[in-house]
Every structure is written in C-alpha cells, then in structure tokens.
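# Secondary and tertiary structure notes
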Amino acid sequence: MDMIGFIGMGNMGTAMLKGAKRTFDGSRIIFHRKSVDKMKELAEEEKVNYAMSNSEVVEKSKYIILAIKPQMFEKVIDEINDSLDNDKVIISLAPGFTITQLKEKLKAGRIVRSMPNTPAMIGEGMTGVCFDENEFDENEIDVINKIFEATGKAKKVDEKLMNSVVCASGSSPAYIFMMIEAMADGAVAEGMPRPQAYQFAAQAVLGSAKMVLETGKHPGELKDMVCSPAGTTIEAVRVLEKFGLRSAVIEAEKVCADMSRNM
C-alpha cells in the first residue's frame, strides 16, 4: 500500500498524523522530526514509522503532508526536491502559497492545497481543501479525503476562497478562545469559580455551534430565540452592539485574510 508521509511535526502535523492513524494502518504512516528522542517516542506511541530525514520520508511515501510554516518552506523544499517526482501527491498546509506557486517550487506536478485548524487535534477540525480532480484517480481522491476527514470535517472549495477559509476557520479558533476567556471572566466577576466558569462558557459555545450546524437555521434567528422582550439577553446583546462586536470580528477577519494573501 502507498505510504503517507508527514513533514513538520508541530501541533497541526501531529494532529493530522494521529487522525490518519484512526483511518489508516500505522504501517502506512511515516514521519520525521528534528528531535530523535521525541520522534522515537511518537513512533512508539502511535505505532507508526519514522525516518531520519525529510528526504527519506519523501522517498518512501506517495502522499506527503507538508505541515510546515511558510518561513520554513524554502529550506524544506531544498531538502526534499530531488526526491520528488510527478507520481507523488503533495498536500500543503501552509497559508499564502497557491497551487501554481507550489508547482513552480516543487518537482512534483500534483498538489493539494489545504487549510485545517487546531480542533483537528481532537477530531473536530474544519479543513478547506482544493485541488484539480482531473489530476488524480478515484483511489487517490479517496485517500486525500480520508486524510482530512480523519481529523473532523473537510470541504472542497475553489482556490480563490482559501484566504476566506483562513479567516473563517483556520485562524478563528483563537477568536473563540478569547471569547470563552472573556465570558468566563464575566462569570468569575459574578462569583463563579474559574474552572466552573470555563466549563459553562465553553459548553455554551459548543452547544451554540452545534445548533447552527444541526438545525440549519440562520444564526440571527437562533439569537432571536434567546432574546426575550425586556430580558437579560437582549440587554447584553445591546451592549455588545454598542461596543462593536460584529465590526471587530469582521475587521479582524479582513486583516487575517489580507495577511494570508500577502504571505
């Protein structure tokens, strides 16, 4: 069976490897990381293979997940390019690099561009994926889909939307964590113990998100369902509007997309 290789074992690379292990036999998975001790520890923990270099990962794999930061891209490409060929499938997680740019840099003609997010670490990720289906056979497309679906949900999108994916789901967990922290701070100010406050706030966010996904109702409609006339919630909503919650989020996402576009 074709091997699946991982280059870049930070939080996202590790999350995707562990996700792949849920779907694929460990004997099909290989990775490399700088720390030999940590590499052997992870290989033993997950019952997968390790390689002593990035080029060895490429040589032994058909599907290569590049889970590396943009600033490391040139260095890693120099290491692996001579081991690439057009039979390899490169799956890039780096923002800012288009498929055209990746094809110019890599000695491999078949590229998958993607943007996952950190909830992939617990199997609840959301990943935007784009590639030209005409370049892949059915089995290859199936493997690509399974790699991403192993860490949560995945949706194929047009490449022109990838910067939108970065701000909508790639970076947005940071905004949500800030919101949970602020909600908990408010509860602590009212006397709730902090661990309990985090639990209440986080579960409220989780439940609200599931309502959007499972009911299919517009978020505004769901908000209105909570806002009783002259009640506590509509007064809180009034204050959030006063201080520009919506505008702040929209402006943050605009900056996020611009950063991704200009990397």
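First things first, this report covers the structure right here in the doc. Every chain begins its residue count from 1, and numbering advances along the sequence as written. Confidence filtering applies because this is a predicted model: local features only for residues at pLDDT of at least 70, side-chain atom pairs given and counted only at 80 or more, and all residues used for totals across whole chains, interfaces and linings. Processing note: side-chain calculations cover all non-hydrogen atoms of the structure and skip hydrogens and water entirely.

### Examining the sheet that holds strand β8 (residues 152–156)
By the convention used here, strands pair only if DSSP detects at least 2 bridges between them. What counts as a helix is a DSSP run of H or I of at least four residues, what counts as a strand is a run of E of at least two, and both are numbered from the N terminus. One open sheet accounts for eight strands, arranged β3-β2-β1-β4-β5-β6-β7-β8; its pairing is mixed. Lying at the two open borders of the sheet, with one neighbouring strand each, are β3 (49–50) and β8. Lying on the sheet, helix α6 (residues 138–149) is in contact with β1 (4–7), β4 (63–66), β5 (89–92), β6 (110–115), β7 (125–130) and β8; it crosses β4 at an angle near 35°. In this analysis, two residues are considered to be in contact whenever any of their non-hydrogen atoms come within 4.5 Å of each other. Whenever a helix is involved, its axis is fitted only over the stretch in contact; in every case the axis is a line through C-alpha atoms, and angles between N-to-C directions fall within 0 to 180 degrees.

### Structural notes on unusual backbone geometry
In the Ramachandran plot, Lys47 falls in the positive-phi region, its phi being about 60° despite a non-glycine side chain. Relative to the helices and strands, Lys47 resides in the loop between α2 (36–46) and β3. One non-glycine residue, Ala230, adopts positive backbone phi at about 60°. In this fold, Ala230 is placed in the loop between α10 (219–226) and α11 (232–242).

### Here we look at the pattern of salt bridges
Any carboxyl oxygen of Asp or Glu within 4 Å of a side-chain nitrogen of Lys or Arg constitutes a salt bridge here. Within this structure, the stated rule accounts for 19 salt bridges. A salt bridge links Lys18 to Glu45; the shortest N-O distance between them is 3.4 Å. Pair noted here: Lys18 is in helix α1 (residues 11–23) and Glu45 is in helix α2, with a separation of 27 residues, a long-range link. Several salt bridges converge on common partners, so that one network encompasses Asp2, Lys62, Arg110 and Glu140.

### Describing helix α7 (residues 162–170)
Along α7, seven of the nine residues are buried, which leaves the element largely enclosed by surrounding structure. The buried label applies to any residue whose accessible area, calculated with a 1.4 Å probe on protein chains only, is under 20% of its type's maximum; exposed applies above 50%, and partly exposed to all values in between. The set of residues buried in α7 consists of Met162, Asn163, Val165, Val166, Cys167, Ser169 and Gly170.

### Quick word on α6
In this model α6 runs 16 Å from its N-terminal to its C-terminal C-alpha over 12 residues, within 8% of the 16 Å that 1.5 Å per residue would give. Three or more residues of α6 are buried, namely Glu140, Ile141, Val143, Ile144, Ile147 and Phe148. Buried residues of α6, seen end-on, are gathered within an arc of 160° and therefore sit on one face of the element. Throughout this description, a polar contact denotes any pair of N or O atoms lying within 3.5 Å of each other; where both atoms belong to protein, one of them has to be capable of donating a hydrogen while the other can accept it, and for residues adjacent in sequence the pair is counted only when both atoms sit in side chains. The opening residue of α6 is Asp137, an N-cap whose side-chain oxygen sits 3.1 Å from the backbone nitrogen of Asn139. Multiplying one less than the number of residues by 1.5 Å gives the expected span of a helix. The directions considered for the arc run from the helix axis to the C-beta atoms.

### Some remarks on the packing of aromatic side chains
One pair of aromatic rings is described through two measures. These are the centre distance and the angle between the planes. To pair, rings of Phe, Tyr and Trp, with the six-membered ring standing in for Trp, must have centres within 6.5 Å; the planes then decide the type, stacked if under 30 degrees apart, edge-to-face if over 60, and tilted in the middle. Scanning the entire structure with this criterion turns up two aromatic pairs. Each ring, one from Phe73 and one from Phe97, has its centre 4.5 Å from the other, and the planes form 20°; the classification is stacked. With Phe73 in helix α4 (residues 73–80) and Phe97 in the loop between β5 and α5 (99–105), this pair connects stretches of sequence that are 24 residues apart. The exposure classification of Phe73 matches that of Phe97, with both residues buried. A ring pair is formed by Phe131 and Phe136, whose centres lie 5.4 Å apart and whose planes are at 80°; its orientation type is edge-to-face. Of the two residues, Phe131 and Phe136, neither departs from the other in class, the shared state being buried.

### With respect to the pairing of β6
In terms of burial, β6 is largely enclosed, as six of its six residues are buried. Because side chains alternate across β6, one face comprises the buried residues Arg110, Val112 and Ser114, and the other comprises Ile111, Arg113 and Met115, equally buried. When β5 meets β6, the two strands line up parallel, connected through four bridges. Bridging from a neighbouring strand, Ile90 pairs with Ile111 of β6.

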